[in-house]
Amino acid sequence: MRQHPFRGIRSRAATLVAGALTATLVAAGATPAHAAADDTERPTAPGPITVVAIDTTWVELTWAASTDNVGVVRYPVGARFEDFGAQYSTDTNSIRITDLRPSRTYTFSVWALDAAGNSSVSNPTVRLTMPPGDDQPPSAPGQPVAYDVTDTVVRLRWPHSVENVALDRYEVFRVDAGGTLTRVREVYQYPPVNSAQVSGLTPNTTYTFVVQARDEVGHLSPLSTPVTVTTLPPPPSCAVRSVVRQWPDGFVAHLVVENTGTTAVDGWTMTWRFWASQQVQGIWGAKVVDRLNNSYLRVGNTSRNAVIPPGGTVSLGLVATGTQLPEEITLNGGLCTVADE
């Protein structure tokens, strides 16, 4: 026990009060601290779980009480659905659990704890499917829109489906020849997000995708309106010759970009490393498109130099602040080799 800060003689009245309080606690059935600390015996397992009452979103459970040499203080109760779980607690042998989901199958478990923290073993479980509370399928998702398309990746987003209870997931299908549907993505996040990335595609190929919603009961929505998108050609191979003149806090760079591939580049963007603290003071032969993550500058072709034939070149220049010179240069996503002159 923690020692009183005053080490003088305790009054007889205080002693009598403390003794009376201890007697009252023991008489009321409380477990003295030393008894709990010395207790190493586990409680017996609770009896089988019985469903007393149930509705679409709640259930009341009971079980035969555990026994213990000192006394059971509480019953933790677990509720698990697939990989998701929650834990509740009660000091009696029954509990009412709310905020459950219709038609979901839960596994409920219960065990006993005594004052010393000893837990029962071989504890009972019961697997229970909640009554259905949803008799309507979701509406069709909105038509998907393709964005950030590359040679092998298409990103899709779509307006949400409307559901009267709760959506479980979205499924993205590729529409093959003859109308055959091949599922390529499932969006499981809760609540499901209305976007997905489809990867592993073939460059320069046309694909059609549709989206379908599924609610928690398993009802399926109608298919969305399809979207058709063509992946980009594979990134061109390229080589860059750069001539740079620097001063203490800036530079001017002349870049000559060569298409070293076998097919023409028709419309292009280039990126290179460019810190957030740097500013473009002048550019020619290209136009600024945007900044990527404050670490890269992206520029695009002008109306006069969009096409770079195999073996052909395009020239551009940049005046900028800072000391980070153009490097990690890409042409339409393909990394170029760079040679300084």
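Structure: above.
Note that this is a predicted model, so its numbers are computed, not measured.

As summarised here, the arrangement of the five strands in space is β21-β22-β19-β25-β26, forming an open sheet in which the pairing is antiparallel. Each edge of the open sheet is held by one strand with a lone partner, namely β21 (287-292) and β26 (334-335).

A separate point is the pattern of salt bridges. According to the stated counting rule, one finds eleven salt bridges in the structure shown. Between glutamate 171 and arginine 214 there is a salt bridge whose closest N-O contact spans 3.3 Å. Linking glutamate 171 in strand β11 (residues 167-175) with arginine 214 in strand β14 (residues 206-215), this pair joins segments that are 43 residues apart in sequence. Classification of glutamate 171 by relative accessible area gives buried; the value is 2%.

The next thing to look at is unusual backbone geometry. For aspartate 99, which is not glycine, the phi torsion reads 60° and is therefore positive. If you trace the backbone, aspartate 99 turns up in the loop between β5 (94-97) and β6 (105-110). Given the relative accessible area of 72%, aspartate 99 is considered exposed. One non-glycine residue, glutamate 328, lies in positive phi territory at about 55°. Residue position: glutamate 328 is located in the loop between β24 (313-321) and β25 (330-331).

With that out of the way, let us pick up the nonpolar core. One finds Val257, Trp268, Met270, Trp272, Leu316 and Leu331 to be the most contacted residues of the largest nonpolar core, which totals 22 residues. Contributions of two or more residues to this core are made by β16 (238-247), β17 (250-259), β19 (269-273), β22 (296-300) and β24. Discounting chain neighbours no more than four positions away, the residues touching tryptophan 272 are Leu255, Ser295, Tyr296, Leu297, Val299, Leu316, Leu318, Pro326, Glu327, Glu328 and Ile329. Formed by 18 residues, the second largest nonpolar core is a distinct cluster that contains Val59, Leu61, Ala79 and Ala112.

Right, let's get into the layout of surface pockets. The space that makes up the largest pocket amounts to roughly 780 Å³. Lining the largest pocket are 25 residues, and of these Val149, Leu232, Thr269, Asn332 and Gly333 sit closest to its centre. Secondary-structure elements contributing two or more residues to the lining of the largest pocket are β18 (265-266) and β19. When the residues that make up the lining of the largest pocket are grouped by side-chain class, the tally is nine nonpolar, eleven polar and five charged. Taken together, 15 residues line the second largest pocket, and the ones lying closest to its centre are Phe81, Phe84, Arg101, Arg104 and Tyr106.

Think of a disulfide as a covalent bridge from one cysteine sulfur atom to another cysteine sulfur atom. Enumeration over the complete set of coordinates arrives at one disulfide. Each sulfur in the disulfide pair cysteine 238 and cysteine 336 lies 1.8 Å from the other. Residues cysteine 238 and cysteine 336 are joined through a disulfide that is left-handed, its torsion about the S-S bond being -95°. One end of the pair, cysteine 238, is in strand β16; the other, cysteine 336, is in the loop between β26 and β27 (337-340), with 98 residues separating them in the sequence. In terms of burial, cysteine 238 and cysteine 336 fall into one category: buried.

What follows covers the sheet that holds β16. Overall, mixed pairing links the five strands, which are arranged β20-β24-β17-β16-β27 in an open sheet. Across the chains shown, the open sheet's two edge strands, defined by having one partner strand only, are β20 (280-284) and β27. Neighbour to neighbour, the strand axes of the sheet diverge by 20° on average, direction disregarded. Two elements, β20 and β24, share four bridges in a ladder whose sense is antiparallel. By the bridge assignment, tryptophan 284 is partnered in β24 with glycine 317.

How each quantity is defined
For every chain, the first residue of the written sequence is number 1, and numbering continues from 1 along that sequence. Only residues with pLDDT of 70 or above have their local features reported here, since the model is predicted, and side-chain atom pairs are shown and tallied only from 80 upward, although totals for entire chains, interfaces and linings are computed over all residues. Side-chain figures throughout are based on the complete set of non-hydrogen atoms in the structure, without hydrogens or water. We treat two strands as partners when DSSP finds at least two bridges between them. In this text, helices come from DSSP runs of H or I with a minimum length of four residues, and strands from runs of E with a minimum of two, each type numbered from the N-terminal end. Here, a salt bridge means any Lys or Arg side-chain nitrogen found within 4 Å of an Asp or Glu carboxyl oxygen. Accessibility here uses a 1.4 Å probe with only protein chains present; expressed as a share of the type maximum, an area under 20% marks a residue as buried, one over 50% as exposed, and anything in between as partly exposed. Think of a nonpolar core as a cluster: buried Ala, Val, Leu, Ile, Met, Phe, Trp, Tyr and Cys residues, connected wherever their side-chain atoms sit within 4.5 Å. By definition in these notes, contact holds between two residues if any of their heavy atoms fall within 4.5 Å. Here the term cavity refers to a set of points on a 1 Å grid, laid over the protein atoms alone, in which a 1.4 Å probe fits but cannot get out; the term pocket refers to an open set having protein on both sides within 12 Å along at least five of seven lines, with lining residues being those that place an atom within 4 Å of a point. Grid points are joined across faces, edges and corners, and a volume is the space filled by probe spheres set on the points. Nonpolar residues are Ala, Val, Leu, Ile, Met, Phe, Trp, Tyr, Cys and Pro. Charged residues are Asp, Glu, Lys and Arg, and all others, Gly as well, are polar. Disulfide assignment relies on a single distance test, namely cysteine sulfur atoms paired within 2.5 Å. To obtain an axis, a line is fitted to C-alpha atoms, over the contacting stretch when the element is a helix, and the angle between two such axes runs from 0 to 180 degrees between their N-to-C directions.

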